Each structure stands twice: as structure tokens, then as C-alpha cells.
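Report on the structure
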Amino acid sequence: MPIAADRTGGTETPPERSRLVGYLYGNFTETFMTYAIIETGGKQLRVEPGRFYDIELLPVDEDEQVTIEKVLLVQHDGEAHIGTPWVEGATVDGTVVRHFRDRKVIVYKMRPKKKTRKKRGHRQELTRLMIDSINLNGSVLAGREGAESPAPEPATASTAPESGEAIASEEE
């Protein structure tokens, strides 16, 4: 049974709806993303590895590692681990990118017929956090691309010319 007919009278399923239709009728074959729902700064946030999020200010210096242990849910390969209230053994590792202040929010209070007006501004202090990995019971479920690859090794003594050889070639 076709879902929608195009203008030419065809009965092809539109590509943007095929994913939803597959999910509804049970032949959903797409891979599931790994994500976690964490609590930080009094708010709950859905996080994925390799993305950055602006959260309430953390008392940590820039470029330092942060481990968040308040994980409410972990989704991995169609399997959900739900905590009561926290998932046991689940952590989310991240790196603090920078600290900054959010845009100004104007708070304006006025009492009608009283000639009373108050105008105040507020800028919230935020931390930009890059999520590196989601861990469950000590194993990394998902990690950021490039975070796990080792840095290129510097030139070693065997590949670099020795100081005596360089001086001898300059004298000739």
C-alpha cells in the first residue's frame, strides 16, 4: 500500500518518509546512535560524543578533562540502560573548551500607574564542554573521532642526522 502519490500519479514512497515508515512497520535497519542523558547545573541534557554543549559554569580550568557521573540514561545499539536515578558504572568524559558569558537577558519590571520601572540586565556564565566519550562499566561505548588516535611521534635520533655528520658536511 503506497504511503503517498507524487504529482505524476506514481506510487513511490518519498525518501524522507521511508525512515519513519520502516520504523513504524518493524523493518527499521538503520544503526542507532549512542547517546546519554546527563544532569549538570540542575538541568538534564542529551549528549553525543564529538559534540560540544554549553552548560552552567564548571569550576574547572580550560583544556582539562571532566568526568560526569550523573548519567540518567545510556542508549547504545538499540539497547537502553535506564538508571534509578543514576545508571550504575556509567560516566561521560569531556574536555572544557572555554568559559564565556551568554548574551544579555533584559529583565524589565513595571508597575502600571505607579511610575515605577526597573530595568536590569543579566549575563549567565557558561562553560563549553566537548564530549569525548560515553563509558559504561569501564568500557568505552562511543568515543570522539580523533580523540583516541595517538599523536604523531616526533623524529627520533635514528631518522634525524647526527650533529657530527651535519658539521662535517658543512666544512666540505
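All values derive from a computational prediction rather than experimental measurement.

**Thoughts on the nonpolar core**
Counting 18 residues, the largest nonpolar core has Ala36, Val47, Val71, Val92 and Leu129 as its most contacted members. Contributions of two or more residues to this core are made by strand E1 (35-40), strand E3 (52-56), strand E4 (65-68), strand E5 (71-76), strand E7 (90-101) and strand E10 (125-136). Per-element tally for this core: the top contributor is E10, with four residues. Setting aside its immediate chain neighbours within four residues, Ala36 contacts Leu45, Arg46, Val47, Val71, Leu73, Val74, Val92 and Ile134.

**A word on the pattern of salt bridges**
According to the stated counting rule, one finds five salt bridges in the structure shown. The residue Glu48 makes a salt bridge to Arg51 at a minimum N-O spacing of 3.3 Å. Residue classification places Arg51 among the partly exposed residues on the basis of a relative accessible area of 47%. The salt bridge involving Asp54 is made with Arg128; its shortest N-O contact spans 2.8 Å. Here the residue Asp54 occupies a position in strand E3, and Arg128 occupies one in strand E10, the gap between them amounting to 74 residues. One continuous salt-bridge network, built from bridges that share partners, spans Arg46, Glu48 and Arg51.

**Here's the deal with the confidence of the model for the chain**
Of all residues in the chain, 66% attain a pLDDT of 70 or more, and the chain-wide mean is 78. Confidence drops under a pLDDT of 50 for residues 163-172, and excluding neighbours within four residues, the segment shows zero contacts in the predicted structure.

The rules behind the values
- Residues take numbers from 1 onward in each chain, read along the sequence in its written order.
- With pLDDT at 70 or above as the cut-off, local features in this predicted model cover only qualifying residues; side-chain atom pairs require 80 or more to be listed or tallied, and sums for whole chains, interfaces and linings still use all residues.
- Only hydrogens and water are set aside when side-chain values are computed; all heavy atoms of the structure are taken into account.
- By nonpolar core we mean a set of buried residues, namely Ala, Val, Leu, Ile, Met, Phe, Trp, Tyr and Cys, connected to one another through side-chain atoms within 4.5 Å.
- With a 1.4 Å probe rolled over the protein chains alone, any residue whose accessible area is under 20% of its type maximum counts as buried; one over 50% counts as exposed, and the rest are partly exposed.
- Helix and strand definitions here come from DSSP, where helices need a minimum of 4 consecutive H or I residues and strands a minimum of 2 consecutive E residues; each element is numbered from the N-terminal end.
- By definition in these notes, contact holds between two residues if any of their heavy atoms fall within 4.5 Å.
- What makes a salt bridge here is a side-chain nitrogen of Lys or Arg within 4 Å of a carboxyl oxygen of Asp or Glu, nothing more.
- The predictor's confidence in any single residue is recorded as pLDDT, a number from 0 to 100.

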